[in-house]
Structure formats: C-alpha cells, structure tokens
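So the chains spell out like this:
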Amino acid sequence: MDTPVLYDYWRSTASYRVRIALNLAGIDYTPVVVNLLDGEHRGDAHLARNPQGLVPALEIDGLMLTQSLAIIEYLVETRGVSLLPDDAADRARVRALAHSIAMDIHPVCNLNVVAHVMELTGGGDAVRLAWMQKFIGQGLAAFEKMLDHPSTGVFCHGDTPGLADICLIPQLFNADRWGVDLSGFKRITAIRATCDQLPGFANAHPDKNNF
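Computed from a prediction, not measured in an experiment: that's the story for all the values here.

**Q** For the overall build of the chain, give the residues involved together with the corresponding values.
**A** A count of helical and extended segments in the chain gives nine helices and four strands. Taken over the C-alpha trace, the chain has a radius of gyration of 17 Å; the compact-globule value for 211 residues is 17 Å, and the two agree within 12%. Its C-alpha atoms put the chain at 45 × 45 × 30 Å along the principal axes. Here the chain holds 211 residues, and 45% of them are scored as buried. As displayed, the chain offers around 10,300 Å² of accessible surface, 53% of which is attributable to carbon and sulfur atoms. A distance of 5 Å separates the average location of the 17 positive side-chain charges in the chain from that of its 24 negative side-chain charges.

**Q** Tell me about the state of the cysteines, residues and numbers included.
**A** All told, the structure shown has zero disulfides when counted by the stated rule. Distance from the sulfur of Cys-156, which forms no disulfide, to the nearest cysteine sulfur (Cys-195) is 6.8 Å. A residue is classified by how much of its surface remains accessible, and Cys-156, at 0% relative accessible area, is buried.

**Q** Requested: an account of the pairing of strand E4 (residues 63–66), with residues and values cited.
**A** Where strand E3 (residues 57–60) lies against E4, four bridges are found, and the strand directions are antiparallel. Counterpart to Glu-59 in the pairing with E4 is Met-64. In this antiparallel pair of consecutive strands, E3 and E4, the connection spans two residues, and Asp-61 shows a positive phi of 55°.

**Q** Please give an account of unusual backbone geometry that cites residues and values.
**A** Cis rather than trans, the peptide bond between Val-55 and Pro-56 has omega equal to 5°. As for its placement among the helices and strands, Pro-56 is situated in the loop between helix H2 (44–49) and E3. One non-glycine residue, Asp-61, lies in positive phi territory at about 55°. The residue Asp-61 is located in the loop between E3 and E4 in this model. Asp-61 sits in the partly exposed class, given a relative accessible area of 36%. Backbone geometry at Gln-67 places phi at a positive 70°, although glycine is not the residue there. Looking at where Gln-67 falls in the secondary structure, it is placed in the loop between E4 and helix H3 (68–79). Residue classification places Gln-67 among the partly exposed residues on the basis of a relative accessible area of 43%.

**Q** Tell me about the pattern of salt bridges, residues and numbers included.
**A** The final tally for this structure, using the stated rule, is seven salt bridges. Put simply, Glu-144 and Arg-187 hold a salt bridge, and the shortest N to O gap is 3.6 Å. Taken together, the residues Glu-144 in helix H6 (residues 125–146) and Arg-187 in helix H8 (residues 186–196) connect sequence positions 43 residues apart. A relative accessible area of 8% means that Glu-144 is categorised as buried. On the basis of relative accessibility, which here comes to 34%, the residue Arg-187 falls in the partly exposed class.

Conventions we followed
Residues numbered from 1 in each chain as written. Predicted model: local features only at pLDDT ≥ 70, side-chain atom pairs only at ≥ 80, totals over all residues. Heavy atoms only, no water. Helix = DSSP H or I, 4+ residues; strand = E, 2+ residues; numbered from the N terminus. Rg over C-alpha atoms; globule rule 2.2 N^0.38 Å. Buried < 20%, exposed > 50% of the residue type's maximum accessible area, 1.4 Å probe, protein only. Areas by Shrake-Rupley, 256 points an atom, 1.4 Å probe, with all protein chains shown as cover. Lys, Arg positive; Asp, Glu negative; His and termini not counted. Charge placed at Lys NZ, Arg CZ, Asp CG, Glu CD. Disulfide = S-S within 2.5 Å. Pairing = 2+ DSSP bridges. Salt bridge = Lys/Arg side-chain N within 4 Å of Asp/Glu carboxyl O.

Okay, here's the thing in structure tokens:
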C-alpha cells in the first residue's frame, strides 16, 4: 500500500489536527508543504486536490480527502484508531466539543476572514489582534465550561485522547500566537499538560513541522 501523502502547512491548525490523528493512529505519511504565504493553495495544482483551496488534504487509499474532521473520522472508521467513544451519547458530547472549536472558533479566526474584516474597516494590526483575542477567548471560555462534566477525565472525555483533544491543542497554539489569556482555564490547562506528554501530540507541533 502506498504511503499516504499529507498536503500540509505547518501553522494551519486544521493540518495540525490531522497530523496528531495520523500520529495517534501510527500511520506513516509523507508531508508535502502547501505554502499559504506564497499563495500555493490558490494554484491549479492544489485546487485540483481541494477546490476550496484549503489545507489539509490527505491522499490515502486512492482517495483525496479534505476537511480535517472528515479525514479524522475516516481514519477512525478505516484504521481502527479509537478517537471517538463507543456510546452514542458520549460520541455526541465529544463531537460537540470538537465542533465548538472547528466550526465556531476556527472559521471566524481564519486569516482570510480577518483580512477581509480589516479591509472593510480599514483597521490595522490592533484590530486583527483584538478580533483574534475576542473570538478565541470567548470560544475557549465556553469550552472550559463544557468540560465541567462528569465524563471529563485527564483528557476532554475520559482518560484516553480523542477527537476533542485533537481539536483543542492546535487551537491553544493559535491562542498563544495571538496572546489570549489562558490563565483562568484550569481544565483546559491540565488537559494540555497531559497531551504535551504524548509523542503523537508533541511530534505534530508546528515547531517540528516547519519544513
């Protein structure tokens, strides 16, 4: 079987999620950089992989998969990696946690969105920083409250890492980048410390994937 190819950008939090999932699944892959700063994601070669012009894209099993959560669930279904609970109610909780980041925080903090806001408002770096801190901060505050639940363990759900942790950790990297105050998020901070000890998370960090 051919080695999967991950079309990736080191600082993309969506790509970061997929790197973690591939690592936790023990799947070797070949990374191919799509340089967002140089506009490679808008080139014909990448648009043929993903018409949205986004990263990541994963070439695996003769398929070209896009959208990080869809990719991760494909790995769950085809590679037997346990990133979602067996119980339907528990799966719903984990997906809700994951979606609160991937579908609520991430889209409004996408750099293309923020660039357009700055264009419309004539704002500068201070506007961008305020936007990022507001939406990341309030999103993570809600996430912290969602963790006030009996099913929260050393990870977001129980004592094994899963889809919610895979979404949380890259978002915290982004929070650090934009100077979001995380000091009041005790549960998030504890989960982060636990994830940081796992090679699957540590080896996916952008600092180790800036090729």
